[in-house]
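Inside the fold
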Amino acid sequence: MTDSGQPAIAGHFYRIPRFSGRIVGLWPQRIRSGGDGGRPWHAHLLFVFAFAVVLLGAAGELSYGCVHLDNLVVALEAFCPGTTKAVCVLKLWVFFRSNRRWAELVQRLRVILWQSRRQEAQKMLVGLATTANRLSLLLLTSGTATNSAFNLQPLIMGLYRWIMQLPGQIELPFNIILPSFAVQPGLFPLTYVLLTASGACTVFAFSFVDGFFVCSCLYICGAFRLVQQDIRRIFADLHGDTVDVFTAQMNAEVRHKLAQVVERHNAIIDFCTDLTRQFTVIVLMHFLSAAFVLCSTILDIMLNTSSLSGLTYICYIIAALTQLFLYCFGGNHVSESSAAVADVLYDIEWYKCDARTRKVILMILRRSQRAKTIAVPFFTPSLPALRSILSTAGSYITLLKTFL
């Protein structure tokens, strides 16, 4: 418990995603009493700017790749960041369109996690929140390093040409199609800054959305673990090891406490279902593009003769793999923690209860045996799915190498 009366988890709740979300103006605002919540005007401005520059980058880079398909290396250098930005445009729009629903989900999750104030429970939740924030920070760091590499590469090449007294040339951070006036000497610095901002907003966008996903999944995992702790405590408090069969009073107490567990368990499952519904489009598009992005990035590293460009795309593939891993890691934790409730129920002293109490336990057991997953059409984020995508990307690379 903190000095302000808040549980320990309060200080760690979505710390990194909240930072990134506020930069792009998308952090779900808490709904005020009376339903007259609303996003502040500066959040709208930040979102409009972030959405515009990311959309500009996605459209320009994908167009550049399509125009230069005759040069595979050049096309891949445009397709890789262009695809990432196109998916980020989708993520930004999904969160903006349903901002009120996202705020409701955050509030519901806060209520679930704030219910248990026991030191043991809060310590467990803080540990999961710390892991989630570290993973989100890893994503933000790897994305920032990749964007910095893209933006510094033309500057380093320009400095090299100036030192070697070679002819100068106009070079932007990304291969992109822009109006001719945008690369004129007077506007070139502004164009360069806008493309830099496009990359930065892309990083903060996927750091927010993907970090929000992994944090939500680990918080759900923590909520299921709270249910497991509650079940163990129900029977531990009865000192059932001293009796062979529970008395009528003990059975009544067990049923009363299990009713509260059922209510919490149902709230967690309903929250997980609603979160899955909100994330369906995002997860589906991310997984559909994951194999292409990984394949394109690795091919670009293999075909690129520039060591500086190769280093840039090594940073890029680290960021892409981190994104994919977070989705699979989070989804895997949800399914495992959900199924673990059934294991706890089986291990308790259910055989000492009467028939009525056993029916309640069996009801919870049957529902928890159907592990809750973040399932979307064609994909279920999990570690086996990660192995499958990496294997598919490897197969694509092997196939494409035969044509090169």
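Residues numbered from 1 in each chain as written. Predicted model: local features only at pLDDT ≥ 70, side-chain atom pairs only at ≥ 80, totals over all residues. Heavy atoms only, no water.

Scanning the protein for helices and strands turns up 10 helices and zero strands. Its helices and strands taken in sequence order, the protein reads α-α-α-α-α-α-α-α-α-α from the N to the C terminus. Considered along the principal axes of its C-alpha atoms, the protein spans approximately 90 × 55 × 35 Å. Residue burial in the protein is summarised as follows: out of 404 residues, 51% are buried. At a minimum sequence separation of 6, the contacts of the protein that also span at least 24 residues come to 81%. Carbon and sulfur atoms provide 63% of the accessible area of the protein, an area that totals close to 19,200 Å². (Helix = DSSP H or I, 4+ residues; strand = E, 2+ residues; numbered from the N terminus. Buried < 20%, exposed > 50% of the residue type's maximum accessible area, 1.4 Å probe, protein only. Contact = heavy atoms within 4.5 Å. Areas by Shrake-Rupley, 256 points an atom, 1.4 Å probe, with all protein chains shown as cover.)

Attention now goes to the nonpolar core. Soluble globular proteins tend to bury their nonpolar side chains together. Ranked by internal contacts, the top residues of the largest apolar core, which has 111 residues, are Tyr14, Phe95, Phe212, Tyr219 and Phe279. The element best represented in this core is helix α6 (residues 188-236), accounting for 25 residues. Setting aside anything within four residues of it in sequence, one finds tyrosine 14 in contact with Trp27, Val106, Leu109, Asn133, Phe212, Cys215, Ser216 and Tyr219. (Core = buried A, V, L, I, M, F, W, Y, C linked by side-chain atoms within 4.5 Å.)

Moving on, we come to the packing of helix α4 (residues 99-114) against α6. Put simply, α4 and α6 touch, their axes get as near as 10 Å, and they point 30 degrees apart. Classified by the angle between their axes, α4 and α6 sit roughly parallel to one another. Handedness of the α4/α6 crossing: left-handed. Residue-level contacts link Trp102, Val106, Leu109, Ile112 and Leu113 of α4 to Phe212, Ser216, Tyr219, Ala223 and Leu226 of α6. Across the contact of α4 with α6, the residue classes break down as nine nonpolar, one polar and no charged. (Axes fitted to C-alpha atoms, helices over the stretch in contact; angles between N-to-C directions. Parallel < 35°, antiparallel > 145°, perpendicular 65-115°, else oblique. Left-handed = near helix turned anticlockwise from the far one by under 90°. Nonpolar A, V, L, I, M, F, W, Y, C, P; charged D, E, K, R; others polar.)

Tallied over the full model, the rule gives 32 aromatic pairs. Both rings, one in tyrosine 14 and one in phenylalanine 212, keep their centres 4.8 Å apart while their planes meet at 10 degrees; by these two values the pair is stacked. Of the two residues, tyrosine 14 sits in the segment before α1 (15-23) while phenylalanine 212 sits in helix α6, which places them 198 residues apart along the sequence. Across the pair, exposure class does not vary: tyrosine 14 and phenylalanine 212 are buried alike. Note on tryptophan 102 and phenylalanine 279: the rings are 5.1 Å apart at their centroids and 75 degrees apart in plane angle, and the pair reads as edge-to-face. Taken together, the residues tryptophan 102 in helix α4 and phenylalanine 279 in helix α7 (residues 248-303) connect sequence positions 177 residues apart. You'll find tryptophan 102 and phenylalanine 279 in the same group, each marked buried. The ring of phenylalanine 174 has lysine 85 lying over it, and the distance from NZ or CZ to the ring centre is 3.7 Å. Above the plane of the ring of tryptophan 114 lies arginine 110, whose end atom (NZ or CZ) is 5.7 Å from the centre. (Phe/Tyr/Trp six-rings, centres within 6.5 Å; stacked < 30°, edge-to-face > 60°. Lys NZ or Arg CZ within 6 Å of the ring centre and 35° of its normal.)

In this section: the pattern of salt bridges. The final tally for this structure, using the stated rule, is nine salt bridges. Aspartate 210 is the salt-bridge partner of lysine 91, the closest N and O atoms lying 2.9 Å from each other. A residue pair is termed long-range when its members are at least 10 positions apart, and lysine 91 in helix α3 (residues 72-97) and aspartate 210 in helix α6 qualify at 119 residues. For the pair lysine 91 and aspartate 210, a shared accessibility class is recorded, and that class is buried. Arginine 264 is paired through a salt bridge with aspartate 230; the nearest N and O atoms lie 3.0 Å apart. You can see arginine 264 sitting in helix α7 and its partner aspartate 230 sitting in helix α6, a full 34 residues away along the chain. Taken together, the shared-partner salt bridges in this structure form one network comprising Arg108, Asp274 and Arg277. (Salt bridge = Lys/Arg side-chain N within 4 Å of Asp/Glu carboxyl O.)

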